[in-house]
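# Survey of secondary and tertiary structure
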Amino acid sequence: MQLVLHNIGEVLTGVLDDPTLEADTIVVDDGRIVSFDSGAATTADTVIDCKGMTVAPGLVDTHMHPTLGDYAPKQQSVGYLERMMHGAVTRAISAGEVHAPGRSGAESALGIALGAFHSFEHHRPAGIKVHGGAMLLEKDTDFSHIDRAYEAGMRIIGEIGVGSLKDPVRAGELSAHARRLGMTVHMHCGCTSDRGPGGDEHPYFSAEDVLTAVPSIASHANTFASLSDDDIDMLCSDDGPPFVEVVQAGGTKPMLRVVEGLADRGELDRLLIGTDTPTGYGVTSLGVLKTIGDVCSLAGIAPATAWAVASGQAARSFGSDGNVIAPGAVADIVVMDASLGSVCDTAAEAIGAGEFPGVAVVITDGVVRVRGSLCTLRSRRVAGIEG
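Residues numbered from 1 in each chain as written. Predicted model: local features only at pLDDT ≥ 70, side-chain atom pairs only at ≥ 80, totals over all residues. Heavy atoms only, no water.

## Focus on the overall build of the protein
Scanning the protein from terminus to terminus reveals 10 helices and 24 strands. For a compact globule of 387 residues, the expected C-alpha radius of gyration is about 21 Å, and the protein comes in at 20 Å, within 12% of that figure. Seen through its C-alpha atoms, the protein measures out along the principal axes to roughly 60 × 40 × 35 Å. Within the protein, buried positions represent 61% of all 387 residues. In the protein, 75% of the contacts between residues at least 6 apart in sequence involve partners at least 24 apart. (Helix = DSSP H or I, 4+ residues; strand = E, 2+ residues; numbered from the N terminus. Rg over C-alpha atoms; globule rule 2.2 N^0.38 Å. Buried < 20%, exposed > 50% of the residue type's maximum accessible area, 1.4 Å probe, protein only. Contact = heavy atoms within 4.5 Å.)

Right under this line is the structure:
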């Protein structure tokens, strides 16, 4: 099936080193971007007139806690994944199925993660792609549990410190094994909300704990019960993990310290953006958009750069080449504009001012999934869609 977007005003690529490009047309065939040449649009089934709006890759939420299906037991919320699509997120990454009831040790943690992994392999609420199955580390987890998770196809270890294993040294041994296999490892930073077994044994994870556990990601480094300034600086240093993540369910001041610290080092390629929801903070369908706006308006990061951090770079950190606008890329695409009534002229200008853009269209795998977001304000212009 061929889909064509034309009359494009601006393109954000999702590529950190080359975050914008000039193109009036994007041609999608069989779910992938094939050309920026209008002459390649030969058998279009769907044509989208963008009317001068901005086109960008779908966003990635690098930190969320799914269970099974589009249901969040901690918040008793149904449909939150679908609503994330209305917030321009086309891919969501589990940091652990923390709120699934009944977890009591390594075998149950593996079983819960396997259930989520296999469920979300085939279940895409409203078209969103969920990477479920992030196994949590428990006191009795050993290398064999990680091997079994890997053999089943899972590539994520959930937040170290959220499971019952609180020892950073032992966690580091397991983390190193998982990373040798090619898995991505989350690590909880700051105070833990764990109310289960062992929650009071190690209630706070410092930067030193993170460095001991050698994860791939220092997760939510701006947690509300936050790290010290010295801890944040340590995570952003040469000794820190490959990626440092900020989330919407966290503090603004420590978020800015992370972003500015990495920017000053010329290392925004280590920054990730997630929401850490649905958790005690609630359900935030626009959480990634809000954090991008904060990063731009408060830390002075260019909107195209921040969008690249939260799209292509985020996908890359989990081993995917998706969420970019490039020939051959999977067509997970957002069309957006400044919102109706905004003083800004474009979506990028609105993001730079800390505003929500108006999401007009969301596409995954070359198929239109959202036509006018139910969560953002209305886009100033309305896309014309034929077919």
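Following the structure, the description resumes.
## Some details on the packing of aromatic side chains
By the definition in use, this model includes zero aromatic pairs. In this arrangement the basic side chain of Arg-155 is found over the ring face of Tyr-150, its NZ or CZ atom lying 3.7 Å from the centre. (Phe/Tyr/Trp six-rings, centres within 6.5 Å; stacked < 30°, edge-to-face > 60°. Lys NZ or Arg CZ within 6 Å of the ring centre and 35° of its normal.)

## Looking at the sheet that holds strand E2 (residues 10-12)
Spatial strand order, E3-E2-E7-E21-E22-E23: six strands in an open sheet with mixed pairing. Looking along the sheet, the strands with just one partner apiece sit at the ends: strand E3 (20-21) and strand E23 (367-371). Taken together, the two bridges between E2 and strand E7 (residues 54-57) define a ladder with parallel strand orientation. Across the sheet, residue Val-11 finds its bridge partner in E7, namely Val-55. Where helix H9 (residues 303-317) meets the sheet, it contacts E2, E3, E7 and strand E21 (333-337), and its direction lies at approximately 35 degrees from that of E7. (Pairing = 2+ DSSP bridges. Axes fitted to C-alpha atoms, helices over the stretch in contact; angles between N-to-C directions.)

## As for the environment of Gly-366
For Gly-366, the location among the structural elements is in the loop between strand E22 (358-364) and E23. We classify Gly-366 as buried; its relative accessible area is 4%. Distance from Gly-366 to Ala-178, taken between C-alpha atoms, is 34 Å for residues 188 residues apart in sequence.

## Concerning the side chain of Glu-97
Position of Glu-97 relative to the elements: it lies in the loop between strand E11 (89-94) and helix H2 (106-122). Despite its burial, Glu-97 pairs with no opposite charge, the nearest such side chain being Arg-103 at 8.3 Å. Beyond its immediate sequence surroundings of up to four residues, Glu-97 is in contact with Pro-66, Thr-67, Ile-112, Ala-113, Ala-116, Gly-132, Gly-133, Ala-134 and Leu-136. (Lys, Arg positive; Asp, Glu negative; His and termini not counted. Salt bridge = Lys/Arg side-chain N within 4 Å of Asp/Glu carboxyl O.)

## Section: the pairing of strand E15 (residues 184-188)
The buried count for E15 comes to five of five residues, which makes it a mostly enclosed element. The side-chain alternation of E15 yields two buried faces, one formed by Thr-184, His-186 and His-188 and the other by Val-185 and Met-187. Pairing of strand E14 (residues 156-160) with E15, which is carried by three bridges, proceeds in the parallel orientation. Each bridged residue has a counterpart across the sheet, and for Ile-156 the counterpart in E15 is Thr-184.

## Some words on helix H7 (residues 252-264)
Taking 1.5 Å per residue as the helical rise, H7 with its 13 residues ought to reach 18 Å, and the 18 Å between its terminal C-alpha atoms agrees with that figure. Within H7, burial applies to Pro-254, Met-255, Leu-256, Val-258, Val-259, Gly-261 and Leu-262. Those residues of H7 that are buried lie in contact with helix H6 (229-235), strand E19 (243-247), strand E20 (271-274) and helix H8 (287-299). Gly-266 occupies a position one or two residues after H7 and carries a positive phi of about 70 degrees. (Expected span 1.5 Å × (residues − 1).)

## Examining the pairing of E22
Most of E22 sits inside the fold, with seven of its seven residues counted as buried. Looking at chain direction, E21 and E22 are connected through five bridges and run antiparallel. Looking at the pairing, Ile-333 lines up with Ile-363 of E22. Pairing between E22 and E23: four bridges, direction antiparallel. Within E23, the position partnered with Val-362 by the bridge is Val-370. What sits between the antiparallel neighbours E22 and E23 is a turn of two residues, in which Asp-365 has the positive phi angle 55 degrees.

## Observations regarding the sheet that holds strand E24 (residues 384-386)
Across the sheet, which stays open at both edges, the five strands sit in the order E5-E4-E1-E6-E24 with mixed pairing between neighbours. Each of the sheet's edge strands pairs with one partner strand only, and the pair in question is strand E5 (32-35) and E24. Each adjacent strand pair in this sheet contributes to an overall mean axis angle of 25 degrees, direction not counted. Here five bridges tie strand E1 (residues 2-6) to strand E6 (residues 44-49), and the two strands are oriented parallel to one another.

In short, shape yes, function no, at least from these values alone.
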